[in-house]
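# Tertiary structure, described
Spelled out from the first residue to the last, the chains are:
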Amino acid sequence: MKKYACLKSIASYIPTRCVKNSEFEKSLDTSDEWIRKRTGIQTRYFASKEQNTSDLGVEAAKVALERSGFQASDIDLVIVATLSPDYLNMPSTACLISAKLGIRNKPAFDISTACSGFIYLLSLAKAFIESDAYKNILIIGAEKVSSVLDFTDRGTCVLFGDGAGAAVITSTTDKNNSILDVHISADGSYHDFLFTPRATRQSEFMQENCISQYLQMKGNETFKLGVKTLISDVEEILQRNNISSTQVDFFIPHQANLRIISAVGEQLNFTSEQVVITVQKYGNTSAASIPMAMNDIYESGKLKNGDLILLDAFGGGVTWGSALLHFGG
Ligand code: UT7
């Protein structure tokens, strides 16, 4: 019998420290009004000094496991998407999370696809399950973006937040309860739109040409390319699956900027009831933004088993992707 991948559970973890826009007014030439008007963001949450990305991820993963009805020992594979790993190159954040969950002798690895991380994770999980390589996969988008922010750069530091989202993807024979389609793509010729040079020998040359070692972004160019790409990506996945926007219960775009979400939502004729917006609360949490938003509608009781969800993301690389799935929780 053909195997399909089912998103069985969703969960998130939000750090406790809530940072209002007004905090940035103290040290930067910015204002609550500018940030709200240009981005929609009102607050974001920052992890404590002691909390690493793996600590955020593990909290989300524990709840996702509990909600799935599986034990950590049932998980065959752990994959983490992050742009802010605990360690620069190794060990992977996935290995650290596996260890903290007590998962041993199972494969674990990270992927580096920035804000499109969760869509790439779904794509991998779907492929592994449909090929019968693994049965139960734990996917996690976890970010301590605050650890790579330049707090003197008003063009970036006000935009991002920390957090984690996790999901258990499991094998099913019921197509109507599965991940129907995932599309991922990238164009590295835009690699300098968003990047984080860090202190490695390899990046010494790059650092000479950079103003700092922290996250840098060509905001306006990224904004324009993002809107264009997100719209065409959604149109393509809907068309390929012969689904109209009215059939979608929830459209969950990557939460980078309210103006991007509104432009994409309006162009695609989604109603305000369909579009899930959390950027005002959490800011841009990169790979965690989509699962955190999905968890918000789950916890508020809006998301029901079988609902048709459309996901869409765009981020550094540049990378992008979209997914159509029935919620299986
Ligand atoms: O998650 C991955 C994908 N990320 C995105 O998609 C983010 C895309 N970009 C954006 O969300 C927006 O481009 C920003 C919010 C970053 C900036 O908004 P914008 O409307 O594109 O503004 P801009 O970059 O064209 O800058 C307009 C002005 C500039 O001042 P001047 O040169 O006109 O004097 C900026 O220096 O706004 C200034 N500015 C700020 N002013 C007050 C930039 N950041 C701030 C700030 N407070 N925080």
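First, a word on what this report is: a plain description of the structure on this page. All values derive from a computational prediction rather than experimental measurement.

Turning our eyes to something else, we now look at the sheet that holds strand β6 (residues 136–143). Strand pairs in the sheet, formed through backbone hydrogen bonds, run parallel or antiparallel to each other. The mixed open sheet is built from five strands, whose spatial order is β1-β7-β6-β4-β5. Where the open sheet ends on each side, the last strands, each with one partner, are β1 (4–13) and β5 (108–111). Adjacent strand axes in the sheet meet at a mean angle of 20° when their direction is disregarded. As paired strands, strand β4 (residues 77–81) and β5 are joined by four bridges and run parallel to one another. From the neighbouring strand, V80 faces β5, where its bridge partner is D110. Where helix α5 (residues 117–130) meets the sheet, it contacts β1, β4, β5, β6 and β7 (163–172), and its direction lies at approximately 170° from that of β6. Against the sheet, helix α10 (residues 289–299) touches β1 and β7, its axis set at about 85° to β1.

The next point concerns the site of the ligand. In the vicinity of the ligand lie 22 residues, with T30, R38, N220, N257 and N284 positioned nearest. Within the side chain of R38, one N or O atom sits 2.7 Å away from an oxygen atom of the ligand. Separating an oxygen atom of the ligand from a side-chain N or O atom of N220 is a distance of 2.7 Å. For the ligand, the accessible surface in isolation is 940 Å², of which the surrounding protein chains cover 72%. When contributions to the shell around the ligand are tallied by element, the ones reaching two or more residues are α2 (32–39), α7 (219–240) and α8 (258–267). Among the elements that take part in the shell around the ligand, α7 stands out by supplying four residues, more than any other. Here the shell around the ligand is composed, by residue class, of nine nonpolar, nine polar and four charged. Here the shell around the ligand gathers at least three residues from each of two domains, domain 1 (4–174) and domain 2 (179–326).

Criteria and thresholds
- Residues numbered from 1 in each chain as written.
- Predicted model: local features only at pLDDT ≥ 70, side-chain atom pairs only at ≥ 80, totals over all residues.
- Heavy atoms only, no water.
- Pairing = 2+ DSSP bridges.
- Helix = DSSP H or I, 4+ residues; strand = E, 2+ residues; numbered from the N terminus.
- Axes fitted to C-alpha atoms, helices over the stretch in contact; angles between N-to-C directions.
- Contact = heavy atoms within 4.5 Å.
- Near = heavy atom within 4 Å.
- Polar contact = N/O pair within 3.5 Å; in protein donor to acceptor, adjacent residues only side chain to side chain.
- Areas by Shrake-Rupley, 256 points an atom, 1.4 Å probe, with all protein chains shown as cover.
- Nonpolar A, V, L, I, M, F, W, Y, C, P; charged D, E, K, R; others polar.
- Domains from an automatic or database assignment.

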